[in-house]
Amino acid sequence: MWYHRPVITAELLQTLPNLKIVASSGMGIDHLDLDLLSSYGVKLSNTPFVVSTDTADLGMALMLACSRRLVEGYQMAVSPDTEYFPSDWLGSEVSGMTLGIVGMGTTGYKVAQRAKAFEMKILYHNRHQRNKEEESAVGATYCKKIDDLLQQSDFVLLSVSLTPQTHKLIGKRELELMKPTATLINISRGLAVDQDALVEALQNKIIKAAGLDVTYPEPLPRDHPLLKLKNVLITPHIGGATKKTHRLMMENMVESIQASLAGLPVPNEVL
């Protein structure tokens with residue numbers, strides 16, 4: 001499967017009686033019915049680790065681009081109407097600010113490693129607390145309650161898998177807990193955020209800005225209000241979209257398929 005295609009349905013599985021495995025590109029598996037695959041005796045693999053580095057890089061890129069208003073600055077610099085650069089056109093700092101990471105898995109931890117180089121104070125909320133050595137390596141502080149993280153962070157970055165527990169994890173209540181100067185960065189899944197609540201929060205300056213690599217649906221309808229807001233930066237779900245990573249994803253998928261056909265343990269099997 002590449003970019004969630006083909007769609008795996010019972011009708012499709014019925015036409016493939018010899019199917020042994022579905023190898024899905026990327027990390028997320030929310031587009032798949034695991035119980036359905038299991039009922040047909042079909043294994044599932046994904047490529048969770050090869051995308052984490054590039055996705056972490058993009059998380060930092062969105063943070064920097066939002067805070068320094070890069071898209072607006074570019075538009076000003078190239079506009080035929082620009083006669084001078086206003087001295088009061090200002091962005092916000094990243095270095096020394098507080099970053100709250102929601103979801104400290106492989107990708108979230110790599111974001112923390114990068115943020116450390118920007119001398120950021122790092123908070124994180126996760127299902128499980130990381131060990132003291134891992135926390136110390138990036139200077140991260142665990143927040144058992146997500147509310148504590150939201151209230152303290154200048155940037156809130158989402159790096160969670162989409163599950164029933166994380167569906168619309170960030171809604172109206174959570175956005176109102178954030179600082180009015182805070183920026184939300186989402187590099188996980190669009191449905192981790194209540195998009196209607198986000199539009200309202202951005203329009204009413206409940207939060208300052210948002211950087212979104214993911215939305216729902218993808219792409220957004222061309223008349224969607226998020227596309228009209230200057231304090232939103234949207235990219236087309238390109239967290240893992242580099243030449244090297246795409247090649248590694250394909251290699252991982254082939255390895256999983258070959259292992260399954262040979263009756264060997266499947267690398268990156270989703271259990």
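No experiment lies behind these values; they were computed from the predicted model shown. (Residues numbered from 1 in each chain as written. Predicted model: local features only at pLDDT ≥ 70, side-chain atom pairs only at ≥ 80, totals over all residues. Heavy atoms only, no water.)

Participant: How would you explain the domain arrangement of the protein if you had to name every residue and give the values?
Facilitator: Taken as a whole, the protein is organised into domain 1 (10-46 + 242-262) and domain 2 (51-234). Placing the centre of domain 1 and that of domain 2 at their C-alpha centroids yields a distance of 31 Å. Counting residues at the interface gives 7 residues for domain 1, matched by 5 residues for domain 2. Taken over both partners, the interface formed by domain 1 and domain 2 buries close to 540 Å², and the fraction arising from carbon and sulfur atoms is 58%. Among the residues of domain 1 in contact with domain 2, Met27, Asp30 and Thr245 are the three that bury the most area, contributing 72% of the side total. The interface formed by domain 1 and domain 2 holds 1 salt bridge in total. Asp30 serves as the salt-bridge partner of Arg189, at 3.0 Å between the closest nitrogen and oxygen. Linking domain 1 with domain 2 are 3 residue pairs in polar contact (both at pLDDT 80 or more), by the criterion used here. Here the side of domain 1 that touches domain 2 is built from residues that sort into 2 nonpolar, 4 polar and 1 charged. (Domains from an automatic or database assignment. Contact = heavy atoms within 4.5 Å. Buried area = accessible area lost by both parts, 1.4 Å probe. Salt bridge = Lys/Arg side-chain N within 4 Å of Asp/Glu carboxyl O. Polar contact = N/O pair within 3.5 Å; in protein donor to acceptor, adjacent residues only side chain to side chain. Nonpolar A, V, L, I, M, F, W, Y, C, P; charged D, E, K, R; others polar.)

Participant: An account of the UniProt feature "domain: D-isomer specific 2-hydroxyacid dehydrogenase catalytic" (unreviewed entry) in the protein is requested, with residue identities and associated values reported.
Facilitator: The sites that carry the UniProt feature "domain: D-isomer specific 2-hydroxyacid dehydrogenase catalytic" (unreviewed entry) are, in the present numbering, residues 2-270. A helix fraction of 36% and a strand fraction of 13% characterise residues 2-270, whose end C-alpha atoms lie 16 Å from each other. (UniProt positions renumbered as here; feature names shortened; annotations may be inferred. Helix = DSSP H or I, 4+ residues; strand = E, 2+ residues; numbered from the N terminus.)

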